[in-house]
Amino acid sequence: MAEYTREDVVRMCNEQDIEFIRLQFTDISGTLKNIAVTVSQLERALDNQFMFDGASVEGFVRDEESDMYLYPDFSTFEVFPWRPQHGKVARLLCDIYTPDGKPYAGDPRNVLKRAVEEAKKMGYTFQVGPECEFFLFHADENGLPTTVTHEQAGYFDIGPLDLGENARREMILTLEEMGFVVESSHHEAAPAQHEIDFRYDEAMKTADNIQTFKMAVKTIAKRHGLHATFMPKPKPGCDGSGMHMNMSLMKDGKNIFDDPSDELGISKEAYYFIGGILKHICAMTLVFNPLVNSYKRLIPGYEAPVYTAWSCKNKNHLIRIPVSRGESTRVELRSPDPTANPYLAIAVALMAGLDGIKNKIEPPAHMDENASSMTEEQRKEAGIKTLPDTLMAAIEAFREDPFMQEVLGEQVYNTYLEEKLNEWNEYRAVVTDWEVSKYLYRY
């Protein structure tokens, strides 16, 4: 992460002909927002003098306490490569503060800051590498998104089968111009589905990068006449999009998950970290999989996990330990999808893992057998639970675990819960095409 100072930002704006600055922040649902200011207002922006109406942002504040201030994080300064080269546009990601100069409790970035600080107290640095999947569909004649695609490519296919190859190439070049280290990219299992993997980093940097990644991917897709969507399951009958999280803890410059003397090559801290994740996974599912649509992905028969098993080999399990060891030893959590608010998702995963380490929570035995081939009684004996299968089931699990309020804080917890209940009730009121075709004629 670049450690820019206030003076660095001013200098770069002058040297690079920056005309507009976007002061960006994230709402509770994970949507990126911004206020644009001209470079003439840069000094005011860097002095934390710009405020916005928090009552107009989903999940923030009530009308009577609506004034919120944007505090730019200088290290997040970035120029948008896709904007004009004269009068360029740059951005700064911001923390949200109250008028009395205190961090706003409802700011998702603040939730992650608290979790990172807790890890720091224990001597740890949390490293996270996401695997972000998305679909590229055609836009209609009005530029509006559809779920139409002309391609039938699958895993690792190349052009001309992979019709999104050129768009994906430009996305990668754009991301690299913005400082990303893109490690790999490929066509995914479903037609029109793609994955771009960028290098792991410290927790806050990774969360910021996920937000930047989504914005860049959508912007470049539009330039190709396509619509990029991170919706978990936009079409039935094929795999949905996930956002696997590869996690490791560093201490004194060493990956503490690595232990060559262990049967699996992982340390006691790694086992405890997994134990903490598994203890709280059902409650955390509401954060990792926040939409009604998320649970159309988490069903048997596809590659997304359904049961809380873990393994070094089976990629269908909730947690996998990839084969690499040494400094590359990591825990891969496979249930999150790309609609998760990255600040909240990384925060709850970190705190659950730390809970496991603090309390020495042993996970159930690892298993390479596919849990879906076991009977319910066998899974119960093995300590394997089933993940929530609807948004409402996830809401109930979220309510039942006091850990969630401890991590998120009272305001984010209550607001997030209210938003998800509203979404579920809105969904329940809809009569779907499936219901009409199934029941109208018969009854």
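Report follows, based on the coordinates. (Residues numbered from 1 in each chain as written. Predicted model: local features only at pLDDT ≥ 70, side-chain atom pairs only at ≥ 80, totals over all residues. Heavy atoms only, no water.)

Attention now moves to the overall build of the chain. Looking only at helices and strands, one finds 13 helices and 16 strands in the chain. Computed over the C-alpha atoms, the radius of gyration of the chain is 22 Å, within 12% of the 22 Å expected from 2.2 N^0.38 for a compact globule of 443 residues. Seen along its three principal axes, the alpha-carbon backbone of the chain occupies a region of about 65 × 60 × 50 Å. In the chain, the proportion of contacts linking residues at least 24 apart, taken out of those at least 6 apart, comes to 70%. Of the accessible surface of the chain, which amounts to about 20100 Å², a share of 49% is contributed by carbon and sulfur atoms. (Helix = DSSP H or I, 4+ residues; strand = E, 2+ residues; numbered from the N terminus. Rg over C-alpha atoms; globule rule 2.2 N^0.38 Å. Contact = heavy atoms within 4.5 Å. Areas by Shrake-Rupley, 256 points an atom, 1.4 Å probe, with all protein chains shown as cover.)

To continue, consider the nonpolar core. Grouped together as the largest cluster of nonpolar side chains are 99 residues, with contacts concentrated most on Phe213, Leu249, Ile277, Ile319 and Met404. Counting residues per element, this core draws most heavily on helix H6 (residues 268–288), which supplies 14 residues. Beyond its immediate stretch of four places on either side in the chain, Ile319 contacts Ile274, Ile277, Leu278, Ala309, Trp310, Ser311, Val331, Glu332 and Leu333. (Core = buried A, V, L, I, M, F, W, Y, C linked by side-chain atoms within 4.5 Å. Buried < 20%, exposed > 50% of the residue type's maximum accessible area, 1.4 Å probe, protein only.)

On to the packing of helix H5 (residues 203–223) against helix H8 (residues 342–358). One way to put it is that H5 packs onto H8 with a least axis distance of 9 Å and a crossing angle of 150°. The pairing of H5 with H8 is recorded here as roughly antiparallel in orientation. Between H5 and H8 lies a crossing of right-handed hand. Judged by residue contacts, Ala203, Met204, Thr206, Ala207, Asp208, Ile210 and Gln211 of H5 engage Pro342, Tyr343 and Ile346 from H8. For the contact of H5 with H8, the class distribution of residues is seven nonpolar, two polar and one charged. (Axes fitted to C-alpha atoms, helices over the stretch in contact; angles between N-to-C directions. Parallel < 35°, antiparallel > 145°, perpendicular 65-115°, else oblique. Left-handed = near helix turned anticlockwise from the far one by under 90°. Nonpolar A, V, L, I, M, F, W, Y, C, P; charged D, E, K, R; others polar.)

In this description, an aromatic ring pair is defined by two values, namely the gap between the centres and the angle between the planes. Under the criterion given, the structure shown has 19 aromatic pairs. Relative to Phe77, the ring of Tyr4 has its centre 6.5 Å away and its plane inclined at 80°; by these criteria the two rings are edge-to-face. Taken together, the residues Tyr4 in the segment before helix H1 (6–15) and Phe77 in the loop between strand E4 (67–72) and strand E5 (78–79) connect sequence positions 73 residues apart. Taken together through their ring pairs, the aromatic side chains of Phe134, Phe180, Phe198, Phe213 and Phe230 make up a single cluster. Arg44 extends its terminal NZ or CZ atom over the ring of Phe50, reaching a point 4.3 Å from the ring centre. The aromatic ring of Tyr302 is capped on one face by Lys233, whose charged end is 3.8 Å from the ring centroid. (Phe/Tyr/Trp six-rings, centres within 6.5 Å; stacked < 30°, edge-to-face > 60°. Lys NZ or Arg CZ within 6 Å of the ring centre and 35° of its normal.)

Further remarks concern helix H10 (residues 391–400). Among the residues of H10, those classed as buried are Leu391, Met392, Ala394, Ile395, Ala397 and Phe398. Tucked into the core, H10 has its buried residues touching H6, helix H7 (294–297), helix H11 (403–408) and helix H12 (410–428).

Counting buried positions over the 14 residues of strand E7 (residues 125–138) gives 12, a clear majority of the element. Sheet analysis places E7 next to strand E12 (residues 243–251), joined by eight bridges and oriented antiparallel. Each bridged residue has a counterpart across the sheet, and for Gln127 the counterpart in E12 is Ser248. Relative to strand E9 (residues 193–198), E7 runs antiparallel, the two sharing five bridges. The residue bridging Phe135 from the neighbouring strand is Gln193, located in E9. Of the pairings in the sheet, the one linking E7 to strand E11 (residues 226–229) comprises four bridges and is antiparallel in character. (Pairing = 2+ DSSP bridges.)

With that settled, the discussion passes to the side chain of Arg109. Structurally, Arg109 can be placed in helix H3 (residues 108–121). According to the relative accessible area criterion, Arg109 is buried, its value standing at 3%. The residues contacting Arg109, other than those within four sequence positions of it, are Asp73, Thr76, Cys94, Asp95, Met204, Asp208 and Tyr343.

Quick look at H1 now. Each α-helix turn comprises 3.6 residues. Residues three or four places apart therefore point the same way. Burial in H1 covers these residues: Asp8, Val9, Val10, Met12 and Cys13. The positive-phi residue at the C-terminal boundary of H1 is Asp17, with phi of around 60°.

Our focus in this paragraph is the environment of Pro388. Checked against the element boundaries, Pro388 lands in the loop between helix H9 (376–381) and H10. The exposure class assigned to Pro388 is buried, which follows from its relative accessible area of 8%. In this structure the C-alpha to C-alpha distance between Pro388 and Asp107, which are 281 residues apart in sequence, comes to 27 Å. When neighbours within four sequence positions are excluded, Pro388 is seen to be in contact with Cys282, Thr285, Tyr295, Ala393, Ala394 and Ala397.

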